[in-house]
Amino acid sequence: MSEKSSSSGSDEDVEPESGQPGELGGVLSKWTNYIHGWQDRWVVLKNNTLSYYKSEDEREYGCRGSLCLSKAVITPHEFDECRFDISVNDSVWYLRAEDPEHRLRWIESIELHRAESGYGSETSLRRHGSMLSLTSAASALSSASTSSFKKGHRLREKLAEMETFRDILCRQVDTLQKYFDTCADVSKDEFQRDREEEDEEEFPTRPEGEHNHNNNGSKEKLFSPASPKGMNGIDFKGEAITFKATTAGILSTLSHCIELMVKREDSWQKRLDKEMEKRRRIEDAYKSALNELKKKSHYGGPDYEEGPNSLINEDEFFDAVEAALDRQDKIEEQCQSDKVRIPRLTPVPPGDAFSTIGTHRFANKVEEMVQNHMTYSLQDVGGDANWQLVIEEGEMKVYRREVEENGIVLDPLKATHSVKGVTGHEVCHYFWDTAVRMDWETTIENFNVVETLSDNATIVYQTHKRVWPASQRDVLYLSAIRKILATNENDPDTWLVCNFSVDHDKAAPTNRCVRAKINVAMICQTLVSPPEGDKEISRDNILCKITYVANVNPGGWAPASVLRAVAKREYPKFLKRFTSYVQEKTAGKPILF
């Protein structure tokens, strides 16, 4: 962006073609609200106005909002190196640049536009003719002092100049006085000679040396007769004295006037200093009050998001999260009562199709994760002191092991449950099948399949519903379903779904969400109790033992007590909701082992 500015020493108005800063446009992340968080917007800085559009292509439809920067306050964030806030009265824009360099460029450009708008600078006071500018007021005293004013001369400097001029003029007057005195003495001598010569002409006797002979042989007087006309009545010395006294009086009066002006300037300067001090105190009080107002009126702003520097304390954070979850539960209950389930034809492939490893590029990683879960996740936690039993409701038990890394809670969770009337194959199928995901999963806002690796492995991207003040989360993971054949004929086969985070070019992390990392497994085994007599096996004879393990890295800081309380509350609800859904879907249908 090319920008031009006028010289700060000139008192002339800035010409638009040479003094106005240039236009700046680009993408900034703007905080919208606690539901949508940060959103990319096309922002334009032009003519002392900051405007934003949904995108660059939609500029022709008009801006979605604008701020006049004349009285704007720009505040770089204390901790976030990419963020800066712009406030005008009660309106606050929270903005984030791509990096600290772009933030600095935007701040400098905004400050330049604000300075050129006519507020907050001495050049603007002169440009708008403010009465507070003493220099401008002094320049109006005389048009002859314009050049001196442009050079910044003050009244004391002008007084020094006048003193110099007076000394020079006095010397000139003294010289003139000497000249006038000499002229007066010469005139008197000549007049006296002429009188004597006139007297001698009345008498014939003259000294011989008083005549000269000319070329014609006649005699001529040495001094020609001088007429006293014009000499009588003119006192050159008196006139010179009067001229000197008059000039000295004028200069003295002028010096006195300048002295009075200097005193007046000192008086006005003191008053101006007092007013400036009052203004500074009022501005400080205003900023303090504005900061307090921001804390109250902008409770939903990004400063109240999760993070170690959040303005919201831990108790308030917990209350806000709990209230948001309660609202979501009420909405979900209402939706469930109003919703008529649409039958979905989701054919379940035979079990043998899920016994193979696969040939895709993540096949080795999937096999490694499956073996780890089969080895460690099925171990009994009853005798392990590191696992704490946090929930026990009927057949369901939830355990937790407290782990923190760099202040982030990474507690592994394990839940065990027994569900009648369903098989392990059916439970894992509905847990893995993306076609029915939104029927039972209430925490997801949207999701899509990024890539299908094989018949039993896909890469899924999903965003979870925001629970303010926590930031919105998204997850990119590989989901694989496997059947593990039992090594002993008396043991049941094991069905397993493992979901673990991966990277993919089509779903890179964004500023809108915090990317969480997961390693989750749903492990199921089917137990069959023989029916009486020759009766066929019914759903009353089957029981599914479920082991659910979850290792989640939330990707950002939040109070440990809040995360643990939320996990303790939500995991049992999730298992109950999901298993009830599976029982509803399989009721009256053939058993799928």
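Coordinates for the structure precede this section.
Analysis parameters
Residues numbered from 1 in each chain as written. Predicted model: local features only at pLDDT ≥ 70, side-chain atom pairs only at ≥ 80, totals over all residues. Heavy atoms only, no water. Helix = DSSP H or I, 4+ residues; strand = E, 2+ residues; numbered from the N terminus. Buried < 20%, exposed > 50% of the residue type's maximum accessible area, 1.4 Å probe, protein only. Contact = heavy atoms within 4.5 Å. Core = buried A, V, L, I, M, F, W, Y, C linked by side-chain atoms within 4.5 Å. Salt bridge = Lys/Arg side-chain N within 4 Å of Asp/Glu carboxyl O. Pairing = 2+ DSSP bridges. Axes fitted to C-alpha atoms, helices over the stretch in contact; angles between N-to-C directions. Phe/Tyr/Trp six-rings, centres within 6.5 Å; stacked < 30°, edge-to-face > 60°. Disulfide = S-S within 2.5 Å. Parallel < 35°, antiparallel > 145°, perpendicular 65-115°, else oblique. Left-handed = near helix turned anticlockwise from the far one by under 90°. Nonpolar A, V, L, I, M, F, W, Y, C, P; charged D, E, K, R; others polar. Patch = residues over 30% accessible without salt bridge, like charges linked within 9 Å, V, L, I, M, F, W, Y side chains within 5 Å. Areas by Shrake-Rupley, 256 points an atom, 1.4 Å probe, with all protein chains shown as cover. Polar contact = N/O pair within 3.5 Å; in protein donor to acceptor, adjacent residues only side chain to side chain. Lys, Arg positive; Asp, Glu negative; His and termini not counted. Charge placed at Lys NZ, Arg CZ, Asp CG, Glu CD.

### Brief notes about the overall build of the protein
Okay, step 1: Assigned secondary structure in the protein consists of twelve helices and 21 strands.
Okay, step 2: Counting only residues that meet the buried cut, the protein has 35% of its 593 residues in that class.
Okay, step 3: Of all intrachain contacts in the protein linking residues separated by at least 6 positions in sequence, the fraction that spans at least 24 positions is 60%.

### Notes on the nonpolar core
One recurring pattern in soluble globular proteins: nonpolar side chains tend to sit buried together.
Okay, step 1: Grouped together as the largest cluster of nonpolar side chains are 38 residues, with contacts concentrated most on V427, F431, M522, Y548 and F578.
Okay, step 2: Among the elements that take part in this core, helix α12 (residues 560–586) stands out by supplying seven residues, more than any other.
Okay, step 3: Those residues in contact with F578 that sit more than four places away from it in its chain are V427, Y430, F431, W440 and M522.
Okay, step 4: In this structure, I484, L496, V502 and V549 belong to the second largest nonpolar core, which totals 21 residues.

### Comments concerning the pattern of salt bridges
Okay, step 1: Overall, the coordinates contain 24 salt bridges when judged by the stated rule.
Okay, step 2: In this structure, D474 and R515 form a salt bridge, with 2.9 Å as the shortest nitrogen-oxygen distance. In this pair, D474 is assigned in strand β17 (residues 473–484) and R515 in strand β19 (residues 514–515), connecting sequence segments 41 residues apart.
Okay, step 3: You can call R515 buried: its relative accessible area is 13%.
Okay, step 4: A cluster of three or more residues bridged by salt bridges with shared partners is formed by E277, R280, R281 and D284.

### Focus: the sheet that holds strand β2 (residues 38–46)
Okay, step 1: If you walk across this open sheet you meet the seven strands as β4-β3-β2-β1-β7-β6-β5, and the pairing is antiparallel. Strands with a single pairing partner mark the edges of an open sheet, and in this sheet they are β4 (65–68) and β5 (73–76). Geometrically, the sheet is characterised by an average inter-axis angle of 35° between neighbouring strands, direction not taken into account.
Okay, step 2: Here β5 runs beside strand β6 (residues 83–88); their pairing, made up of four bridges, is antiparallel. Directly across from V73, in β6, lies its bridge partner S87.

### Observations concerning the packing of aromatic side chains
Given two aromatic rings, their pairing is described by the distance between the two centres and the angle made by the two planes.
Okay, step 1: Under the definition given, this model contains eleven aromatic pairs.
Okay, step 2: Here the aromatic rings of Y52 and W93 are separated by 5.2 Å at their centres, their planes lie at 85°, and the arrangement is edge-to-face. Residue Y52 is found in strand β3 (residues 49–53), and its partner W93 is found in strand β7 (residues 91–96); the two are separated by 41 residues along the sequence. The same class applies to Y52 as to W93, namely buried.
Okay, step 3: Ring geometry for Y430 and Y581: centres 6.0 Å apart, planes at 90°, overall edge-to-face.

### Some thoughts on the pairing of strand β18 (residues 494–501)
Okay, step 1: Of all eight residues making up β18, seven are buried, and the element is well covered by its neighbours.
Okay, step 2: Relative to β18, β17 runs antiparallel, the two being bridged by eight bridges. Within β18, the position partnered with L478 by the bridge is F500.
Okay, step 3: Direction of pairing for β18 relative to strand β20 (residues 517–528): antiparallel, over a ladder of seven bridges. For W495, the partnering residue across the bridge sits in β20 and is C524.

### Here's the deal with the state of the cysteines
Okay, step 1: Per the counting criterion, the structure on display carries zero disulfides.
Okay, step 2: No disulfide involves C524; its sulfur sits 3.7 Å from that of C428, the nearest cysteine.

### What about the packing of helix α10 (residues 424–432) against α12?
Okay, step 1: Where α10 contacts α12, the axes come no closer than 10 Å and their chain directions differ by 110°. Considering the angle they form, α10 stands roughly perpendicular to α12. Seen along the crossing, α10 lies across α12 with a hand that is right-handed. Contacts between α10 and α12 involve E426, V427, Y430 and F431 from the first element and F574, F578, Y581, V582, K585 and T586 from the second.
Okay, step 2: Partitioned by chemical class, the residues of the contact of α10 with α12 number seven nonpolar, one polar and two charged.

### Here we look at a nonpolar patch on the surface
Okay, step 1: Together, V528, I537 and F593 give the surface a local cluster of nonpolar side chains, amounting to about 260 Å² of exposed area.
Okay, step 2: Mapping V528 onto the fold places it in strand β20.
Okay, step 3: Classification of V528 by relative accessible area gives partly exposed; the value is 40%.

### Notes on the environment of N456
Okay, step 1: Locating N456 in the fold gives a position in the loop between β15 (444–454) and β16 (457–464).
Okay, step 2: For the pair N456 and R482, spaced 26 residues apart in sequence, the C-alpha to C-alpha distance is 7.3 Å.
Okay, step 3: A polar contact of 2.8 Å, which involves the side chain of N456, links it to the side chain of S454.

### Focus: the pairing of strand β14 (residues 413–420)
Okay, step 1: Inspection of the sheet shows strand β11 (residues 396–400) paired to β14 by four bridges, in the antiparallel sense. Its bridge partner lying in β14, V398 is registered against A415.
Okay, step 2: In terms of strand pairing, β14 meets strand β21 (residues 542–553) through eight bridges, oriented antiparallel. For A415, the partnering residue across the bridge sits in β21 and is Y548.

### Description of a positive patch on the surface
Okay, step 1: Taken together, the side chains of K270, R271, K274 and K278 make up a positively charged region of the molecular surface.
Okay, step 2: Residue position: R271 is located in helix α7 (residues 236–297).
Okay, step 3: Judged by its relative accessible area of 49%, R271 falls in the partly exposed class.

Geometric values such as these leave the question of function open.
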